[in-house]
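Now for the letters of each chain:
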Amino acid sequence: MIHELMRASESTTIGGFIATCADPILAHVNPGLLKTKDLIVSIHKNQSIFAARIPLSEDELNWIELSPENIKKQTSLLAPNTCYFGIKRGELYGTYLVSSDLIANEYFSDEQDYLDFIVLSKSGGRL
């Protein structure tokens, strides 16, 4: 799914991934709702970051630009090598896991590369 959506997007896209909702409270209360909170994250050549909830159809994509100040790195004692990030406020508020369903490209080779970019983009990024 991510590959198809990214191919259909603008040629300025240099990477993207599925961000799986990892909200511990929601997982405890109603784990069936977790999948409805998953995101598609798209990174562009100008280092802007956009995200949208995974829609039922491509026509329903509602891209929202994420400001680097609104993104924070998160960790878990149970899974210290897992790549978590949080969106602090807004419509996409929550905790997410960078999934291994990545776009093959020259900039990002794995989950940690994506996490480093979106968290470090506050200080000017690395591209």
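Attention in this report is confined to the structure presented alongside it. What you see is a predicted model, and the numbers here were worked out from it, not measured in a lab. Numbering of residues starts from 1 in each chain and follows the order in which that chain's sequence is written. Selection of residues for local features in this predicted model requires a pLDDT of at least 70, selection of side-chain atom pairs for listing and counting requires 80 or more, and totals for whole chains, interfaces and linings are taken over all residues. The basis for the side-chain values is all heavy atoms of the structure; hydrogens and waters are excluded.

Bringing helix 3 (residues 111-120) into the picture now. Those residues of helix 3 that fall on the buried side of the exposure criterion are Y114, L115, F117, I118 and V119. Here a polar contact means two N or O atoms within 3.5 Å. Within protein one must be a hydrogen donor candidate and the other an acceptor candidate, and residues neighboring in sequence count only if both atoms are side-chain atoms. Think of it this way: any DSSP run of H or I at least four residues long counts as a helix, any run of E at least two long counts as a strand, and we number them from the N terminus. Between the side-chain oxygen at the start of helix 3 and the backbone nitrogen of Q112 there is a gap of 3.2 Å, and the oxygen is on D110. Note on exposure labels: buried denotes an accessible area under 20% of the residue type's maximum, exposed denotes more than 50%, and partly exposed covers the range between, all computed with a 1.4 Å probe on protein chains only.

Further remarks concern unusual backbone geometry. Backbone geometry at Q47 places phi at a positive 70°, although glycine is not the residue there. Within the secondary structure, Q47 is located in the loop between strand 2 (39-44) and strand 3 (49-53). The class of Q47 is partly exposed, set by a relative accessible area of 23%.

Tracing the chain through its elements places N70 in the loop between strand 4 (64-66) and strand 5 (71-74). Judged by relative accessible area, N70 falls into the buried class, the value being 9%.

A separate point is the packing of aromatic side chains. Given two aromatic rings, one states the distance between the centres and the angle between the planes to describe the pair. Within 6.5 Å between ring centres, the rings of Phe, Tyr and Trp (the latter by its six-membered ring) count as paired, and their orientation is classed by plane angle as stacked under 30 degrees, edge-to-face over 60, tilted in between. Per the counting criterion, the structure on display carries six aromatic pairs. Consider the rings of Y107 and F108, whose centres lie 6.4 Å apart with planes at 55°: the pair is tilted. Note on Y107: relative accessible area 32%, which makes it partly exposed. Exposure remark for F108: the relative accessible area of 2% places this residue in the buried category. Aromatic pair F108 and F117: ring centres 5.5 Å apart, planes at 75°, arrangement edge-to-face. Taking the relative accessible area as the measure of exposure, F117 reaches 1% and is therefore buried. Through a chain of ring-to-ring contacts, three or more aromatic side chains come together here, namely F17, F85, Y96, Y107, F108, Y114 and F117.

This part takes up the side chain of S99. Within the fold, S99 resides in strand 7 (residues 94-102). For S99, the side chain forms a polar contact with the main-chain oxygen of I18, separated by 3.0 Å. Contacts are assigned to residue pairs that have any heavy atoms within 4.5 Å of one another. Not counting the four nearest positions on each side in its chain, S99 is found in contact with I18, T20 and E111.

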